[in-house]
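Chain and residue survey
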Amino acid sequence: QVQLVESGGGLVQAGHSLRLSCAASGRAVSSWALGWFRQAPGQERVFVSGISWNGNTNYADSVKGRFTISRDDAQNTVELQMNSLKSEDTAVYYCAADYGWSGNYVPDAHEFSSWGQGTQVTVSS
């Protein structure tokens, strides 16, 4: 298994930016897909963005053009740059890893096997 630890969450005003980071340990993740999901109170955990082992990226429609995912396999990290934040982006953001996801479709949360503990992102309007 892969251990994942998120950082970078916080409180930010609408229209501003935030950068989330996720550090993986336990094994090298260069052959793994990495992703970000989010869960707002009372709602299901949903896909935000992901990047496959070979660089295919995918985004939820709600964040396209505002969020950018990147990975650094030398550092065993994945980051999510979030720009033009909106109040509806408020949620707990989870980093996730999976060996099999191809990056060519929007996955459900249950398809990812390893999870971080989450980091809170709050966007004030």
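The numbering scheme is per chain: residues are counted from 1 as the chain's sequence reads. In keeping with the model being predicted, local features are shown solely for residues with a pLDDT of at least 70 and side-chain atom pairs are shown and tallied solely at 80 or more, while totals for entire chains, interfaces and linings include all residues. The basis for every side-chain value is the complete set of heavy atoms in the structure, and neither hydrogens nor water enter the calculation.

**Digging into the state of the cysteines**
Here is the rule: A pair of cysteine sulfur atoms is labelled a disulfide when the two atoms are within 2.5 Å. Secondary structure elements are defined from DSSP: runs of H or I of at least 4 residues count as helices, runs of E of at least 2 residues count as strands, and each element is numbered from the N terminus. Each residue's exposure class comes from its accessible area (1.4 Å probe, protein chains only) as a fraction of the maximum for that residue type: buried when under 20%, exposed when over 50%, partly exposed otherwise.
Taken as a whole and judged by the stated rule, the model has 1 disulfide. Note that Cys22 is cross-linked by a disulfide to Cys95, the S-S spacing being 2.1 Å. In this structure, the disulfide formed by Cys22 and Cys95 twists by about -85° around the S-S bond and is classed as left-handed. Residue Cys22 is located in strand 3 (residues 18-25), and its partner Cys95 is located in strand 9 (residues 91-98); the two are separated by 73 residues in the primary sequence. The same class applies to Cys22 and to Cys95, which are both buried.

**Observations concerning the side chain of Ser52**
Tracing the backbone shows Ser52 in the loop between strand 5 (46-51) and strand 6 (57-59). A relative accessible area of 0% means that Ser52 is categorised as buried.

**Topic: the pairing of strand 3**
Threshold: Here, strands pair whenever DSSP counts at least two bridges between them.
By the alternation rule, side chains of strand 3 split into Leu18, Leu20, Cys22 and Ala24, which are all buried, and Arg19, Ser21, Ala23 and Ser25, of which none is buried. Pairing of strand 1 (residues 3-7) with strand 3, which is carried by 5 bridges, proceeds in the antiparallel orientation. Paired with Ser7 across the bridge in strand 3 is Ser21.

**Side note on the pattern of salt bridges**
Formally: Salt-bridge detection follows one rule: a side-chain nitrogen of Lys or Arg within 4 Å of a carboxyl oxygen of Asp or Glu.
Going through the model one piece at a time under the given rule, you end up with 5 salt bridges. A salt bridge links Glu79 to Arg19; the nearest nitrogen and oxygen atoms lie 2.5 Å apart. Taken together, the residues span a long stretch of sequence, with Glu79 in strand 8 (residues 77-82) and Arg19 in strand 3 at a distance of 60 residues. For Glu79, a relative accessible area of 23% gives the class partly exposed. Here the residues in one salt-bridge network are Arg38, Arg66 and Asp89, joined through shared partners.

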